[in-house]
Every structure is written in C-alpha cells, then in structure tokens.
Amino acid sequence: MTDLLEPSSLSADSHGHSDADHNSASPHDGAHHEHHGATGILNWLTSTDHKVIGMSYTITSVAMLVIGGAFAMVIRAQLVAPNNHLVNFSQYNELFTMHGSVMIYLFAGPFAFGALANFIVPIQIGAPDMAFPRLNALSYWLYLTGSITMLLGFFTAGGAANFGWVAYAPLSDIINSPGAGADLWIGALLLTGFSAIFTGVNLTATIFYLRAPGMTLFRMPIFTWNLLVTGILILLAFPVLTAGLIMLFCDRHFQTHIYTQHLGGVPVLWQHIFWFWGHPEVYILALPFFGMVTEIIPVFSKKPVFGYKGMVFATLTIAALSLGVWAHHMFTTGVVLLPFFSIMSLLIAVPTGIKIFNWIGTMWRGQIWFSTAMLMSIGFVVTFLIGGLTGIYLASPPLDFFAHDTYFVVAHFHSVVMALVLGGMAGLYYWAPKMTGYLLNERIGKFQFWLLFIGTQLLTFPQYVLGLQGMPRRIAQYILDPGWQTLNIWSSVGGFMIGFSTLLFVVNLWVSWKKYPAGDNPWDAHTLEWYTTSPPPHHNFYRLPQIRSERPTWDANHPDSKALVHGHNEDGAGH
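Residues numbered from 1 in each chain as written. Predicted model: local features only at pLDDT ≥ 70, side-chain atom pairs only at ≥ 80, totals over all residues. Heavy atoms only, no water.

A. Seen up close, the overall build of the protein chain. Across its full length, the protein chain carries 16 helices and zero strands. Against the globule reference of 25 Å for 575 residues, the protein chain gives a C-alpha radius of gyration of 24 Å, in line with a compact fold. The burial tally for the protein chain puts 59% of its 575 residues in the buried class. The contacts of the protein chain with a sequence gap of at least 6 include a subset with a gap of at least 24, amounting to 82%. Just so you have it, the protein chain exposes about 22100 Å², and 69% of that area is on carbon and sulfur atoms. For the protein chain, the distance from the average site of its 22 positive side-chain charges to the average site of its 27 negative ones is 4 Å. (Helix = DSSP H or I, 4+ residues; strand = E, 2+ residues; numbered from the N terminus. Rg over C-alpha atoms; globule rule 2.2 N^0.38 Å. Buried < 20%, exposed > 50% of the residue type's maximum accessible area, 1.4 Å probe, protein only. Contact = heavy atoms within 4.5 Å. Areas by Shrake-Rupley, 256 points an atom, 1.4 Å probe, with all protein chains shown as cover. Lys, Arg positive; Asp, Glu negative; His and termini not counted. Charge placed at Lys NZ, Arg CZ, Asp CG, Glu CD.)

Take a look at the structure:
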C-alpha cells in the first residue's frame, strides 16, 4: 500500500500541472479562446454555465447541511437528560420536523443530483454544458427560493411546520397544524420539487444527447450512469409528491377534504402518495453517492472498477425495484399486502449487495492510497452496510411491528443518511481540485474523517439499543431510566462529534483556499473530467482525447498500458 502524500508534496509546475499531467497529450490547445463575460456577483446571478450553477448548488446545500446539523445539536442537547427543558414540546416538534426536512429536501437531494452532478456530469461525457442551460439556472433559483421559504417558517407567528418531515394527514391539516409555517413548508417543497423535476429533465437529455464521439452508453463513467438513472427516477417520483402536496394545500385552504376521514376523505392516501415518492427518493438520494464512491475507489486502489457492467445492471435493478416497495413504510397501518412488500423490500438488498461486493473487489489486492477521499469512501461503504442490514430487519413485518415507532428506525435511517454525508464528503475532497484548481488539506481532512466516522457510529449504535429497549421516537422527554440516559448521552456525544467534523470541513476550506495548487489530474484519475484543465474552461474542453473505454484519461496518460480487464480489449467497453 502506498503512503498518503500531503497536498504540499503533490508537485506542480509553474503552469499548475501535476506530474501526472505530463504523460498526456496536451488538453490546453486553443487556450486563447477562453470565455470572457460577467464576473463576480453578476456572473453568479446571471450565469447559465453548469459549472457556476454546480458551485452554487454545492455552496447552498452545504449551508443547508450546517443549518440542519445545528437543529440536530439542539435536539441531542434536549435528549441528554430525561426531563430536560432546553426547549418546550412545541419547539421540539418544530426542530425535529425542520431538521428532517432540511437534511432530506434541502441538503441530501440537491447535493446529490444538483451540486456535483451539475458540475461533473457534462464534463464526464465531453459535453460543453447541460442540454437546457436556462432551465438549469431556473432549477437552482427555485431550489434557493424554496430553501429560504421553508426556513422563513421560524419567523411566522405560529412557528415553523411541526408535523414531522413526512407530514402525515391528519396531523398536517389546518385544524391540527394551523398557521403559515405549514403552508410555507408545502410551498417550499413545491418549489424544490419543480427544481428537481427540471434537473431530472436536464440530466436525462444531456446524457442521452450530448455525449462526445466515442462515448457510448457502456463507456460512460458509473457516476454518470447513476445520475442518468436518478434523473429518470426523479421524473417518475417527484410529480407524485407534487400532486400530493397540492391536494394537501387544497385540503387546508379550499375544504376539498381529500384526506379528511369524517368528511369522506382517506388520510392513509397521503401515506401512499408520500411513500410512492419517498422510497424511490431513498435511491434518488443514494445512487449519486454510490456513483461518487465508485469513481473514487478505483482511482485510489489503482485498479479499474471491478464488474463495471454488473454495477450498471445493479443500478438499473435498484431503480426498477424501488418503485414497488413504498408500502414497507406502512406495515403498521394494516392496509397493505405484507408478503408482497416484504419480499420486494428484501429483493432490493440483492443489487445493493452486488455493489458492495464490487467495491470490495475493486480494493482487493489494489495499491490503496488512503487519501481523505478514499477514507470517506470506505467509511461510506461500512456505514451504508450497517444501515442496509438493519433495513433488512425492518423489511420483516413482525420485526417492523415491534420496532416501527422506536429509536431503532431513527438509528436505521441516520445510518443511511450519515453514510450519504460521508459519500458527499468523499466527492468534495475528490473533485474539489477539479472545481477550484486547489487541493484541500489532507491532515485536516483525515482528522475530519475520523471525527465524522466515529461520531456517526456513536450517534447510531446507542439508538439501535434504545429502540430494542422500547424508547419511542419523536418524543422530547423520556422516562427516568439510567440506562436510557447513558445511551442518550453517548448518542449526543456522537452527534456533537459530527457537528465538530462539519465545522472542521469549513475550517479546511478556509485554510486551504488557493494554497495547494492541484494541477489538472493530481490523482492520476481515469475519467474524462480529469483530462481538461482545473478548473475547466467555459466550454469545458479545448480538445478531447480518443474515447475507447470508460477510462479515456487513463488511456491518454498511459498509452503503453496493455492491461486487459474481464476479457474486454480496448475496442470494447473494457480497457
């Protein structure tokens, strides 16, 4: 295994090119054609360049991560003691509603399919921009407006939405949740929902129609494949949520009574609509992060990805199955067919397991370079595996009946979401040099990783035990039980470690800003985005290499490589 090089030891010449770049044909021909236009704040406000929009998504979604994390800190501080009075019951309901909403709707989703996807996907396929640049800009501004709209609920007379991030009817009707905060929450989700739909249209159109010559479907990087599938899932799932939200708003203000039982409505209809969106949404969130770590692990293992086509077909299988498992969130309602949704929920673990097997196979006997990006990726695999295994338990109706309203479920989905945070951090450390031209500090990054990874396990493992001991979720106070208090203290310690690790990431951005020039390809990476300059020019490339495999930059930088992978030669989809 190779030792990790610190940023200062990654050599770059006076033009900002790392040693790895000197092996390739120059991608900089025609540099005098650089784009000239608006700069500064005017550029940010008016740009339709996918890279500017991708950076805007990245900054905004990371800000939402910090805000959502701050809400979590207050929640964990409240639960340190059994009868704590840091916040009252109403404030606690607002906090856990907005914490979940911000993390799922405003951070994980937009970061997954808006931030790095926007910046990286067009470059990975050799496109000059997204298919619909103005629609892309509109998507970002809808997202930013929706984020602000949701947070403004705290400044209304009745406070922010307080019915949980899933907004179950009838808790979310005008009787049980009066006030503008709930309406702002609905409006925010409509805005961000349309943002997601427009992004889905843009991703699918861009990937299908703007690929460079030679970039066949089975030469696309796995990250791009995952974003293609994500875009299709967005188009299938988000219109359903949008329709449900419009009906909820009409119930609140126009007396349509769609979800009002005593007036002929069906409250459980909201759950069907919400989870028909919500379970594909789990994979709309997860698949981009799967793609990120699938790009990172081969590079830092110095091997091609193991089972490229297996990864692609596993992704397609996950997408297909995700549309048929929504009601495993509804076992306790008594209105769904338990055997069908149980077996479908168990089946979806199979293609996910294939991915984990392939990640391990890629690392097996590789020359592993434990950079921060690689550590974050390994942390993602371990943490997602824990979340996935506990999800298998919840796919069994008898076990779900016992655990459904306990902290076991809280622990399960926090394992999953925190795995996504680890994957997102891996993506940021990996692609930050391409986005900015500069590396992040590796020593600070490693310290951040260990805080984040250990903090995640400290947060979730006590919650699994609490759930098995019967502690209910969604409560601001709990019984005076020394065992429960001790476990909650440890969980809160883990939460604060995660919070400190996020602060450390912000410190790293500050410390590293324009300090460690990266060159064009500091990792000796494989895919097309590493062939162009760092950061890329306005239209991404001055020239393209010949695309003969899913690793065109590797092929250009290592023309004498004779490696044959899985029986494919360089004229096929292999190497």
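B. Representation of the packing of helix α3 (residues 89-124) against helix α6 (residues 222-254). Running from amino to carboxyl end, α3 crosses α6 at an angle of 135°, the nearest separation of the two axes being 10 Å. Taken together, α3 and α6 sit at an angle that is classed as oblique. Crossing hand, α3 versus α6: left-handed. Note on element contacts: α6 touches α3 through Phe223, Thr224, Leu227, Thr230, Ile234 and Phe238, opposite Ala112, Phe113, Leu116, Ala117, Ile120, Val121 and Gln124. Broken down by class, the residue content of the contact of α3 with α6 amounts to ten nonpolar, three polar and no charged. (Axes fitted to C-alpha atoms, helices over the stretch in contact; angles between N-to-C directions. Parallel < 35°, antiparallel > 145°, perpendicular 65-115°, else oblique. Left-handed = near helix turned anticlockwise from the far one by under 90°. Nonpolar A, V, L, I, M, F, W, Y, C, P; charged D, E, K, R; others polar.)

C. Layout of the packing of helix α7 (residues 268-301) against helix α10 (residues 349-363). The contact between α7 and α10 brings their axes to 9 Å, and the two run at 15°. Put simply, α7 runs roughly parallel to α10. When the axes of α7 and α10 are compared, the crossing they make is left-handed. For the pair α7 and α10, the contacting residues are Tyr283, Leu287, Phe290, Val293, Thr294, Ile297, Pro298 and Ser301 in the first and Thr352, Lys355, Trp359, Thr362 and Met363 in the second. Class assignment for the residues of the contact of α7 with α10 results in eight nonpolar, four polar and one charged.

D. Up close: the environment of alanine 205. Along the chain, alanine 205 falls in helix α5 (residues 180-209). Along the backbone, alanine 205 and alanine 426 are 221 residues apart, and their C-alpha atoms lie at a distance of 27 Å. Ignoring sequence-local partners within four residues, the contact set of alanine 205 consists of Ala131, Phe132 and Leu210.

E. Seen up close, the packing of aromatic side chains. Applying the stated rule across the entire model yields 48 aromatic pairs. Between the aromatic rings of phenylalanine 107 and phenylalanine 111, the centroid separation amounts to 5.7 Å while the plane-to-plane angle is 35°, which identifies the pairing as tilted. With phenylalanine 107 and phenylalanine 111 both in helix α3 and four residues apart, the pair spans about one turn of that helix. Phenylalanine 111 shares its class with phenylalanine 107; the two are buried. (Phe/Tyr/Trp six-rings, centres within 6.5 Å; stacked < 30°, edge-to-face > 60°.)

F. Structural view of helix α14 (residues 442-468). The first and last C-alpha atoms of α14 sit 39 Å apart over 27 residues, in line with the 39 Å expected at 1.5 Å per residue. Its side-chain oxygen at 2.9 Å from the backbone nitrogen of arginine 443, asparagine 441 defines the N-terminal cap of α14. Positive phi shows up at glycine 470, right after α14, with a value of about 100°. (Expected span 1.5 Å × (residues − 1). Polar contact = N/O pair within 3.5 Å; in protein donor to acceptor, adjacent residues only side chain to side chain.)

G. Structural context of the pattern of salt bridges. Under the defined criterion, the tally for this structure stands at four salt bridges. For aspartate 405, the salt bridge identified is with arginine 474, shortest N-O distance 3.7 Å. Remark: arginine 474 occurs in the loop between α14 and α15 (482-512) and aspartate 405 occurs in the loop between α12 (397-403) and α13 (407-436); sequence separation between them is 69 residues. Through salt bridges with shared partners, a single network forms among Asp405, Arg473 and Arg474. (Salt bridge = Lys/Arg side-chain N within 4 Å of Asp/Glu carboxyl O.)

H. Representation of unusual backbone geometry. The linkage connecting alanine 169 with the following residue, proline 170, adopts the cis geometry, with an omega of 5°. Along the chain, serine 534 connects to proline 535 via a cis peptide bond; the corresponding omega equals -10°. Tracing the backbone shows proline 535 in the loop between α15 and α16 (552-557). Positive phi values are uncommon outside glycine, yet aspartate 524 reaches one of about 55°. Structurally, the position occupied by aspartate 524 is in the loop between α15 and α16.

I. The arrangement of the nonpolar core in detail. Formed by 159 residues in total, the largest nonpolar core has its most connected members in Trp185, Phe380 and Tyr430. With residues near it in sequence (within four places) discarded, tyrosine 430 still touches Glu295, Ile296, Val299, Phe300, Ala373, Trp523, Ala525 and Trp530. Counting residues in each nonpolar core, the second largest holds seven residues, with Ile386, Ala403, Phe408 and Tyr464 among its members. (Core = buried A, V, L, I, M, F, W, Y, C linked by side-chain atoms within 4.5 Å.)

J. Structural context of α7. Helix length check: α7, at 34 residues, gives a terminal C-alpha distance of 48 Å against a target of 50 Å (1.5 Å per residue), a fit within 8%. Tryptophan 275 marks where α7 bends most, by close to 25°. Taken across its 34 residues, α7 has 29 buried, putting it largely inside the fold. Within two residues after α7, lysine 302 carries a phi angle of roughly 55°, on the positive side. (Bend = angle between axes of the 7 residues up to and from the residue.)

K. The arrangement of the side chain of threonine 527 in detail. As for its placement among the helices and strands, threonine 527 is situated in the loop between α15 and α16. A distance of 2.8 Å separates polar atoms of two side chains, one belonging to threonine 527 and the other to glutamate 529. Those residues in contact with threonine 527 that lie beyond four places of it in its chain are Gln124, Pro221, Glu295, Glu550, Pro552 and Thr553.

L. Fine view of the environment of glycine 114. Among the structural elements, glycine 114 can be located in helix α3. For the pair glycine 114 and phenylalanine 496, spaced 382 residues apart in sequence, the C-alpha separation works out to 28 Å. Beyond its immediate stretch of four places on either side in the chain, glycine 114 contacts Gly54, Tyr57 and Gly109.

So, to be careful, I would describe these as geometric facts and stop short of saying anything about function.
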